[in-house]
Amino acid sequence: MRAASVAAALLAAGCTYKTDLQGPGTLRVNMPGRLPAPAVAAPAAPVPTPDGRFSGTGTLTASAGSGCQRTRPFNNVVVSGNRVRYQGFRGTIDANGFARLQSGERFLYGFFNGPRFEGHYWQPHPDCTYDVVLTHQG
C-alpha cells in the first residue's frame, strides 16, 4: 500500500521512474519550464566522432499533455570537427563526447561515441521529452 501511495505522489509531482528490474532505477523530476537532467551516462572512453551527417529517431518518453508525436525523425544532424548543427540548433562536442544543442527553448543533448549518438530532445510547448538515437550516415 505504501509503495502505491509513493508512486501516486511521484506521478502527481511530474516525476517518472524507470527501472530494468535488475538494479536501482532512475527517478526523473520534471519541473515546469525547466530542462530535464541528462539521463545518459558518459561513455568510458569515447571514440572520435566522424564528420558528416547523422540521422535517426526520437521516441517519446514523457509528455505533460497532448500534442506530442510518439516518434520524431531527426535527419541531417551535421557534425564538422567538434561543431554540431541540426535545423536551427547549434552546439559543440566536448572532450567526453557530450553535446548540448539549443534552438530557442528547445534542447538536443547527449553523447556521441564514434558513429552513434544517444541522448534526449526536450521542448517546453507542448512539453515533450524524447530518447534520441542517431547513427552516422556518411
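Details of the structure are given in the entry above.
Computed from a predicted model, the values in this text were never measured in an experiment.

Enquirer: Lay out the overall build of the chain with the relevant residues and their values.
Expert: For the chain, the helix and strand inventory stands at one helix and 10 strands. Burial analysis of the chain (138 residues in total) assigns 33% to the buried set. Considering only contacts within the chain whose residues lie at least 6 apart along the sequence, 44% involve residues at least 24 apart. When the accessible area of the chain is evaluated, it comes to approximately 8300 Å², of which 54% is carbon and sulfur surface.

Enquirer: Now, about the packing of aromatic side chains: what can you tell me, with residues and values included?
Expert: If you walk through the whole model with that rule in mind, you get nine aromatic pairs. Ring centres 6.0 Å apart and planes at 50 degrees place the aromatic pair tyrosine 121 and tyrosine 130 in the tilted group. Across the pair, tyrosine 130 and tyrosine 121 agree in class, each one buried. Members of the aromatic cluster, connected to one another through ring pairs, are Phe74, Tyr86, Phe89, Tyr121 and Tyr130. When the ring centre of phenylalanine 74 is taken as reference, the NZ or CZ atom of arginine 72 above it lies at 4.7 Å. In this structure, arginine 72 packs its charged tip against the face of tyrosine 121, placed 4.4 Å from the ring centre.

Enquirer: Help me get a handle on the pairing of strand 10 (residues 127-136), residues and values and all.
Expert: By the bridge criterion, nine bridges tie strand 3 (residues 52-63) to strand 10 in an arrangement that is antiparallel. Considered in strand 10, the bridge of alanine 62 is made with threonine 129. In this sheet, strand 10 lies alongside strand 9 (residues 116-124) in antiparallel orientation, the contact comprising nine bridges. Residue tryptophan 122 lies in a different strand from strand 10, and its bridge partner there is threonine 129. Counting the residues that bridge the hairpin from strand 9 to strand 10 gives two residues.

Enquirer: Summarise unusual backbone geometry; cite the residues concerned and give the values.
Expert: Put simply, histidine 125 and proline 126 share a cis peptide bond, and its omega is -10 degrees. Even without being glycine, asparagine 76 reaches a positive phi, approximately 60 degrees. Mapped onto the secondary structure, asparagine 76 falls in strand 4 (residues 71-80). Residue asparagine 76 is classed as partly exposed on the basis of its relative accessible area, which comes to 44%. Of note in the backbone geometry, glutamine 87 takes a positive phi value of approximately 50 degrees without being a glycine. The topology assignment puts glutamine 87 in the loop between strand 5 (83-86) and strand 6 (89-92).

Rules used throughout
- Residues numbered from 1 in each chain as written.
- Predicted model: local features only at pLDDT ≥ 70, side-chain atom pairs only at ≥ 80, totals over all residues.
- Heavy atoms only, no water.
- Helix = DSSP H or I, 4+ residues; strand = E, 2+ residues; numbered from the N terminus.
- Buried < 20%, exposed > 50% of the residue type's maximum accessible area, 1.4 Å probe, protein only.
- Contact = heavy atoms within 4.5 Å.
- Areas by Shrake-Rupley, 256 points an atom, 1.4 Å probe, with all protein chains shown as cover.
- Phe/Tyr/Trp six-rings, centres within 6.5 Å; stacked < 30°, edge-to-face > 60°.
- Lys NZ or Arg CZ within 6 Å of the ring centre and 35° of its normal.
- Pairing = 2+ DSSP bridges.

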